[in-house]
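Here is how the chains run, residue by residue.
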Amino acid sequence: GNNFGALTLASNSGSAAGADIALTENNTLNVNSVNAGTGGKIALTSESANIIQTATGTGLTGATAPLTAAISLTAAKGNITLTGTNATNGAPITISTTGNLALTDSSTATKLASGTTVTGTTTIRNTNGAGTVSDVSGGVLLNGAVLIDMTGAAATGNISITGSGNSFGAIQFRANTVTIAEDKTLNIAAGSLATGTAT
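Residues numbered from 1 in each chain as written. Predicted model: local features only at pLDDT ≥ 70, side-chain atom pairs only at ≥ 80, totals over all residues. Heavy atoms only, no water.

Caption draft 1: Structural detail: the overall build of the protein chain. Helix and strand counts for the protein chain stand at zero helices and 21 strands. In the protein chain, the share of contacts with a sequence separation of at least 24, taken over all contacts with a separation of at least 6, comes to 38%. (Helix = DSSP H or I, 4+ residues; strand = E, 2+ residues; numbered from the N terminus. Contact = heavy atoms within 4.5 Å.)

This is how it looks when you write it as structure tokens:
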């Protein structure tokens, strides 16, 4: 039943390693700036609406330590739209939404953890230029149409989704090298681009 305005939360003070941040809101959860430091976990939940991002904020900044599912985003009855400035910093991210997912990440690595489930469409953009979008160990379920974009036609980043138990809708990719493993029918959508090798 919690209700908040645009959120600015930080658990990293000076040289401190940070601490865990967990927040549940009943309505739309607006991520202005959430930073767990180098070692903290982030868990954000909207019980009945969306998780969005204020355009002027610095957005989501994840832990740099390789923690298991260091970032967790849950929108049980809405969409997750984080398309401003975000840096997951290679922290594994678990996403659960009955709606659509749109995530922009500027990190060198965007890692989808096992248990990630999106009922609607998925759009993941990595704007690093030399970044990678990958899964941690499989078990990623993206049921609607999927776009993984490593910054468009000039993309130099790579896609490496190779775990077992992955399932996608029609998937469109724009990247340098592309490696995708799916347990079900692999449907490659029109407009897909690999400037390097594709497996």
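Caption draft 2: Expanded view of the nonpolar core. If you look at the biggest cluster of nonpolar residues, it comprises 39 residues, and the most contacted ones within it are Leu44, Ile51, Leu73, Ile95 and Ile159. Discounting chain neighbours no more than four positions away, the residues touching Ile95 are Leu73, Ile80, Leu101, Leu103, Leu112, Gly115, Thr116, Thr117 and Val118. (Core = buried A, V, L, I, M, F, W, Y, C linked by side-chain atoms within 4.5 Å. Buried < 20%, exposed > 50% of the residue type's maximum accessible area, 1.4 Å probe, protein only.)

Caption draft 3: Broad picture of the pairing of strand β3 (residues 29-35). Across the seven residues of β3, seven count as buried, placing the element largely inside the fold. Taken together, the three bridges between β3 and strand β5 (residues 51-53) define a ladder with parallel strand orientation. Note on β5: the bridge partner recorded for Val31 is Gln53. The pairing of β3 with strand β6 (residues 59-61) spans three bridges and is parallel. Residue pairing across strands places Ser33 opposite Gly59, the latter belonging to β6. (Pairing = 2+ DSSP bridges.)

Geometric descriptors of this kind do not, in isolation, establish any biological role.
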